[in-house]
Amino acid sequence: MSQLLLIVTVAGSRVALPAEAVESVVELDTLIAVPRAAPHIAGLSALRSRVLTVIDTVTALGLGESDCSDGIREAAVVEIEGHHYALIVDAVEDVVDAQSDPTPVRAAMGEGWERVSLGMVETEQGPLLLVDIAALVDGNGTELKAA
Amino acid sequence: MDDLIADFVAECREMLESLGGEIVAWEASPDDRTRLDSIFRFVHTVKGNCGFFEFPRLEALSHAAEDALADVRAGRRQPDAALVSAVLAVIDRIGEMVASIDEGKGIPEGDDSDLIHALAHNIPEQTPAVTPAVEIGKAPATQPSATPRTIRLSVELLDRMMSGVSDMVLARNELARRLRETANDVTVDGAFERLSGIIAEMRDAITRTRMQRIENLFVALPRMVRDLSAELGKQVMIDIDGGDVELDREMIEMIRDPLTHIIRNAVDHGIEKPADRLKAGKREIGFLTVSARQSGNQILIDIIDDGKGIDGKKLVEKAIASGALEPAEAGKLSTRERLALIFEAGLSTAQEVTAISGRGVGMDVVRSNIERIGGTVEVDSHLGHGTRMTLRVPLTLTIIPALTVSIGSQHFAIPRSAIDEIVRANGQSVTLESVGGAGVATIRGRRVPEISLADVLGVPSDVPDEERTLVVLRPAGGDVYALAVDRIHDHEELVVKPAAPAVMATGLYAGTTLADDGSPILLFDPVGLAEVGGVRLEAQERSARIAEADTSARIRDDNVLLFRGLGGERRAIRLGLVDRIEEVARDQIRDTAGHTRVQLGDVILPLAGATAIGDAAKVRVFRLNDGNSEMGYAFAEVIDLMTIDHEVIAAERPGEVAGVSLIGGEPAELLDAFWLFANHLGPRALVDRPSRCRLPDDDPWMQNILRPIVEAAGYEVVGAADECEPDLVITTEGDPVEPAHEDRTIRLRAERDGADDNSIYRYDRAGLLLALKAASAGGRA
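Reading the values: rules and limits
- Residues numbered from 1 in each chain as written.
- Chains lettered and ligands numbered in written order.
- Predicted model: local features only at pLDDT ≥ 70, side-chain atom pairs only at ≥ 80, totals over all residues.
- Heavy atoms only, no water.
- Helix = DSSP H or I, 4+ residues; strand = E, 2+ residues; numbered from the N terminus.
- Buried < 20%, exposed > 50% of the residue type's maximum accessible area, 1.4 Å probe, protein only.
- Contact = heavy atoms within 4.5 Å.
- Areas by Shrake-Rupley, 256 points an atom, 1.4 Å probe, with all protein chains shown as cover.
- Axes fitted to C-alpha atoms, helices over the stretch in contact; angles between N-to-C directions.
- Parallel < 35°, antiparallel > 145°, perpendicular 65-115°, else oblique.
- Left-handed = near helix turned anticlockwise from the far one by under 90°.
- Nonpolar A, V, L, I, M, F, W, Y, C, P; charged D, E, K, R; others polar.
- Patch = residues over 30% accessible without salt bridge, like charges linked within 9 Å, V, L, I, M, F, W, Y side chains within 5 Å.
- Salt bridge = Lys/Arg side-chain N within 4 Å of Asp/Glu carboxyl O.
- Lys, Arg positive; Asp, Glu negative; His and termini not counted.
- Charge placed at Lys NZ, Arg CZ, Asp CG, Glu CD.
- Buried area = accessible area lost by both parts, 1.4 Å probe.
- Polar contact = N/O pair within 3.5 Å; in protein donor to acceptor, adjacent residues only side chain to side chain.
- Core = buried A, V, L, I, M, F, W, Y, C linked by side-chain atoms within 4.5 Å.
- Pairing = 2+ DSSP bridges.

1. Notes on the overall build of chain B
Okay, so step 1: Along its length, chain B carries 22 helices and 35 strands.
Okay, so step 2: Among the 781 residues that make up chain B, the fraction classed as buried is 45%.
Okay, so step 3: Restricting to contacts in chain B with at least 6 residues of sequence separation, those with at least 24 account for 64%.
Okay, so step 4: With the model as given, the accessible surface of chain B reaches about 39,600 Å², and the carbon-plus-sulfur share is 50%.

2. With respect to the overall build of chain A
Okay, so step 1: Within chain A, the regular secondary structure consists of 4 helices and 10 strands.
Okay, so step 2: Secondary structure of chain A in N-to-C order comes out as β-β-β-β-β-α-β-β-β-α-β-β-α-α.
Okay, so step 3: A burial count over chain A gives 49% of its 147 residues as buried.
Okay, so step 4: A separation of at least 24 residues holds for 56% of the contacts in chain A among residues at least 6 apart in sequence.
Okay, so step 5: Of the roughly 6,900 Å² of accessible surface on chain A, a fraction of 49% belongs to carbon and sulfur atoms.

3. Description of the packing of helix α6 (residues 155-181) of chain B against helix α7 (residues 186-209) of chain B
Residue and element names in this part refer to chain B.
Okay, so step 1: Here α6 crosses α7 at 155 degrees, and the two axes come no closer than 10 Å. Judged by the inter-axis angle, α6 sits roughly antiparallel to α7. Judged by the sense of rotation from one axis to the other, the crossing of α6 with α7 is left-handed. Every residue of α7 that contacts α6 at Leu158, Met161, Met162, Val165, Met168, Val169, Arg172, Leu175, Ala176 and Leu179 is listed here: Val188, Asp189, Phe192, Ser196, Ile199, Ala200, Met202, Arg203, Ile206, Thr207 and Thr209.
Okay, so step 2: Among the residues forming the contact of α6 with α7, the class breakdown is 15 nonpolar, 3 polar and 3 charged.

4. Focus on a negative patch on the surface
Okay, so step 1: A contiguous patch of negative charge on the surface is contributed by Asp239(B), Asp241(B), Asp244(B) and Glu246(B).
Okay, so step 2: Within the fold, Asp239(B) resides in strand β2 (residues 236-241).

5. A look at the pattern of salt bridges
Residue and element names in this part refer to chain A.
Okay, so step 1: If you walk through the whole model with that rule in mind, you get 21 salt bridges over all chains.
Okay, so step 2: A salt bridge links Arg73 to Asp90; the shortest N-O distance between them is 3.6 Å. With a gap of 17 residues between them, Arg73 in strand β6 (residues 73-80) and Asp90 in the loop between β7 (83-89) and β8 (91-97) connect regions that are remote in the sequence.
Okay, so step 3: Look at Arg73 and you get buried, because its relative accessible area is 13%.

6. Quick look at the interface of chain A and chain B
Okay, so step 1: Counting residues at the interface gives 17 residues for chain A, matched by 27 residues for chain B.
Okay, so step 2: Taken together, the two surfaces of chain A and chain B that pack against each other cover about 1,700 Å², and 69% of this comes from carbon and sulfur.
Okay, so step 3: Linking chain A to chain B there are 0 salt bridges.
Okay, so step 4: Counting every contact that joins chain A to chain B gives 3 residue pairs in polar contact (both at pLDDT 80 or more).
Okay, so step 5: Counting residues per element, the side of chain A that touches chain B draws most heavily on strand β4 (residues 41-47) of chain A, which supplies 4 residues.
Okay, so step 6: Residue composition of the side of chain A that touches chain B, grouped by class: 10 nonpolar, 4 polar and 3 charged.

7. Looking at the side chain of Thr289(B)
All names here are of chain B.
Okay, so step 1: Relative to the elements of secondary structure, Thr289 occurs in strand β4 (residues 286-295).
Okay, so step 2: Accessibility expressed as a relative area gives 17% for Thr289, which makes it buried.
Okay, so step 3: Filtering out sequence-adjacent residues up to four positions away, Thr289 remains in contact with Asp239, Asp302, Ile303 and Ile304.

8. A word on the nonpolar core
Residues and elements named next belong to chain B.
Okay, so step 1: Ranked by size, the top nonpolar core spans 61 residues in total, and within it Leu453, Leu457, Leu483 and Tyr509 carry the most contacts.
Okay, so step 2: Non-local contacts of Leu483, meaning those with residues more than four positions away in its chain, are made with Ile414, Ile451, Leu453, Thr469, Leu470, Val471, Leu473 and Leu529.
Okay, so step 3: Membership of the second largest hydrophobic core comes to 49 residues, among which are Leu217, Leu341, Val366 and Val377.

9. Let's talk about the environment of Gly445(B)
Okay, so step 1: Among the structural elements, Gly445(B) can be located in the loop between β12 (438-443) and β13 (446-452).
Okay, so step 2: Taking relative accessible area as the criterion, Gly445(B) reaches 32% and is therefore assigned partly exposed.

10. Let's talk about the pairing of β13(B)
All names here are of chain B.
Okay, so step 1: Within β13, 6 of the 7 residues are buried, which leaves it mostly tucked inside the rest of the structure.
Okay, so step 2: Pairing of β12 with β13 involves 5 bridges; the strand directions are antiparallel. When the sheet's bridge partners are listed, Ile443 is paired in β13 with Arg446.
Okay, so step 3: Linking two consecutive strands that pair antiparallel, namely β12 and β13, is a turn of 2 residues; a positive phi of about 45 degrees is found at Arg444 within it.

Structure (structure tokens):
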């Protein structure tokens, strides 16, 4: 099957998101914090009169925290169960065709990556990790409990 | 085919729903041909469709019912209780089958011969189980509901439209903001205004499409009450009113369970058995009234029964026994508070647990369900005479009036319905204390738990505690607590949308919305805030109320509002006089007709205190009310709500100020309300009988132009034909003057310059008013 993939950089790694799930790629400027929310909720932002819940993907992966201090961040907008989320990414690179179905990654990944992994897909740019957007939005389960 | 089946199911559902009431009504008056016909039509339709869809079981069943009803229609058979019950049972089973088809399971296996048998034979040994227990208005009071011209739409589509329109409103707000920022082109502004208006109209319309008549909720009640009362061996008549009140579809679903529960309770616990009713001197048949009406943006639903009422004493005993109430506290409860105990968890006054209700998990769930949608439930009951339950619910859930507040640099919204009052933390009537690390605010003698928003949210704030503003919240009409925020901003009507699950998981927020400036705002859930802030609402509720009751008697009379007048004077006015505070534009205050007056909405009131008004663009005005009339009093700012606890030193001569007293440690002038009203309401307020002025009946100028002025000066205008003696007569120069009235006649002349004969030029307003005033003073003397 041929699936379109959006290649983005998250926490320094190039990964693939299913392109059909991504509505758009935007630049976030204002970010309104959500006090007391799980740490991977970076805040709220508005896009064309809609409220976006901004997900700090680095925190969601348990790899630290995104630097939002410079203001403008690139993000991929997705919709899950009627809610719109913006996933902060370092960079958006390209859209490519998947050349294989996702296959399990047999090497040991980081815990955070393990949780959001849908498997590895072959592309013309080499193998990439296909990320489960819903899992990324759900964030790190343990951190949620702690909060 | 699937589409056809879906249509069939929907049609059956609709007919079943409207049929519920018809059957019971038919039972009450079996000769009612129109009701019989509508039931017959239903089984006939079902039978017809079943043949087409090959549902043999359904077909056999509906066929049997059709036959039996056809016999009744033809007069070959009398509709007795057994037949009615059998028909009811058949319709119920058809309903079950339709539901099963809807779920895609097809028709389950089963045997219907019992029902068909019950229908077919006019069994002599009638089953005594069912007696015609319910009567619905003996006369055909309720008309069979006519089918309105409608189309069927999926609810999902409506929801999508609603959210589309909400988005549109938000997009419009954003556009409005951008238009304000950029250069203004009048044509663009005009077009935008029009678009804006259309969107508002559209939102109204869409909101209305989501509205459903509450009838949808009410139609099922007669049947439910009939079955219940039959089961309990009671006789209950139900009267339903206000079915045409409209309510948001979602809201109807939310109140369905609570309403059902209350009605079950009323029939089960409220209304007595016929024998007991007779003993109590009541009619055998219990009366249950369910009515709905709209009041502002709320819907009120009353459920009234004439049963035995709620025994407040028993409730108190139970509450003490279950540990929900301290015996010492119990004695202090008012009647209303005792009755409200019914909403405490785990209390039920029923002697024994029945299958219908009385498991003790009831009214507390009802209350929490209603409160969750921003409503309240109240109970009122007289032992032996009945109970009234009142549900108040908002019309819709999507647009919420809210107050925006800020902490640090971030804005939040609080639903206005939850706000009790707003006070300054450094005000004189407010003290903040820390008890074991917990905040306690004493506001005019009432102790309420206080939490700081900054602490709850863990957000840094550089505003010191004492400079914060306390928002006193009463979530869902229950308990109060004070929330300290940095600043209060604005009242706004917000289109609220549910926030993402991760945000809702905090328990603090009820949703998100966009402010006018396009930035997202979080809307607080006041109950969640209290929980996260560690305020125990239930335990604190009663004691807070009692404290309130104790102190209110003492301070009620001496409550004053301390304010700064326009001239900078420190003044106070009794709180009871102040209806509300309004802010008006400077140009709404004018010197007219000899008085300073202020326009508030579409009324014009005399205004006092406006001596040093200056050119401020906005002026604040107290709206004072003496019970009959109103007036305004302009001021600069409210300092605080205080009580007078020092002696009042009376002023030397009567005037605006009645005296001076120490208020909040500094002298303040206390306004003399009597003097204010006496001097600003004009002569009309002073005399019992207004002075009479006679004007010639046949002079159009007098009647059309002069008369309003004379009336405004406080005169009652009479004509020559009226018998009564006038206090003043106005004539045109040259007309004959009755000698008896010589000394109280004002003569008007048409020319500006005239002979010096005491006549007044008729457009000399000042002269005229002076003469009127002199005459009125003289007339009373």
